[in-house]
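Tertiary structure, described
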Amino acid sequence: MNAETGETSPLMAALALYSWERDDAAARARKQLGVNELDAKALAYVSINPGVRPSELATHLGVTSAGITTLVERLVRRGIMRREPDENDRRVNHIHLAIDLEKEPWSQLAHFQNTFRNIIEQLDPKVEEDFAAFMRHATLAAKEQVARVDRAAVTGVPAA
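Residues numbered from 1 in each chain as written. Predicted model: local features only at pLDDT ≥ 70, side-chain atom pairs only at ≥ 80, totals over all residues. Heavy atoms only, no water.

Describing the environment of Tyr-18
Rules: Numbering of helices and strands runs from the N terminus, with a helix taken as a DSSP run of H or I at least four residues long and a strand as a DSSP run of E at least two residues long. Each residue is placed in one exposure class: buried if its accessible area under a 1.4 Å probe, protein chains only, is under 20% of its type's maximum, exposed if it is over 50%, and partly exposed if it falls in between. For this analysis, residues touch if any pair of their heavy atoms sits within 4.5 Å.
The residue Tyr-18 is located in helix α1 (residues 10-33) in this model. A residue is classified by how much of its surface remains accessible, and Tyr-18, at 24% relative accessible area, is partly exposed. For the pair Tyr-18 and Phe-116, spaced 98 residues apart in sequence, the C-alpha separation works out to 9.6 Å. Look past the residues within four positions of Tyr-18 in its chain and what remains in contact with it is Phe-112, Gln-113 and Phe-116.

Structural notes on helix α3 (residues 54-61)
Rule in force here: What the arc covers is the set of directions going from the helix axis to the C-beta atoms.
Within the span of α3, buried status applies to Leu-57, Ala-58 and Leu-61. On an axial view of α3, the arc spanned by its buried residues comes to 100°, and they lie on one face. Residues of α3 that are buried sit in contact with α2 (37-48), α4 (65-77) and β2 (93-97). One or two steps after α3, the chain reaches Gly-62, where phi turns positive at roughly 75°.

Here we look at the packing of aromatic side chains
Note the threshold: By convention, a stacked pair of Phe, Tyr or Trp rings (six-membered ring in the case of Trp) has centres within 6.5 Å and planes under 30 degrees apart, an edge-to-face pair has planes over 60 apart, and any other such pair is tilted.
Scanning the model with the defined rule gives 3 aromatic pairs in all. Taken together, a centroid distance of 6.0 Å and an interplanar angle of 40° make the contact between Tyr-18 and Phe-112 tilted. Placement of Tyr-18 in helix α1 and of Phe-112 in helix α5 (residues 111-120) is noted, with a sequence separation of 94 residues between them. When its relative accessible area of 26% is taken as the criterion, Phe-112 is described as partly exposed. Look at Phe-112 and Phe-116: their rings are 6.2 Å apart centre to centre, the planes differ by 20°, and that puts the pair in the stacked class. Residue Phe-112 and its partner Phe-116 are both found in helix α5; the two are separated by 4 residues, about one turn of the helix. By the ring-pair criterion, three or more aromatic residues cluster together here, those being Tyr-18, Phe-112 and Phe-116.

Description of the pattern of salt bridges
What counts is decided by this rule: We define a salt bridge as a side-chain nitrogen of Lys or Arg found within 4 Å of a carboxyl oxygen belonging to Asp or Glu.
Across all of its chains, the model carries 10 salt bridges by this definition. Residues Lys-41 and Glu-37 are paired through a salt bridge, measuring 3.8 Å at the closest nitrogen-oxygen approach. Of this pair, Lys-41 and Glu-37 both sit in helix α2, 4 residues apart, which is roughly one turn of that helix. Owing to a relative accessible area of 47%, Lys-41 belongs among the partly exposed residues under this scheme. Here the salt bridges share partners, and the residues they tie into one network are Glu-73, Arg-77 and Arg-83.

Structure below.
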């Protein structure tokens, strides 16, 4: 048994360690930058969807329109995001980042992930491909089993 994770499987222990350390690194970065987890998710989404409408961001994050208004306003006041009016409809705003997530101090949000990516790039491509295929298969199988249990809880029909 692994003392750090309590897992008996070395692979499960390694995955748990990765997950915990990634979450811990992200939490430290968010704390240093003064943003919460939802803010960080919004920054990541806007970075790959510049000009997103607030309604789209709200849907992605699973928050209400009032919640997204508050979030965007807070980040605009801090100079992290900016709103740009729609050229054709003045009632509509588009949200953009006012910071560069690739530069300090914002790059801290992805530092752990980028470091891990650099290490993975050193693997033999076949080893990486095989491990990735295994992880996809195992993840999807576990996700499907959880969905069966969730459906059983709703319908009262036992999961197969």
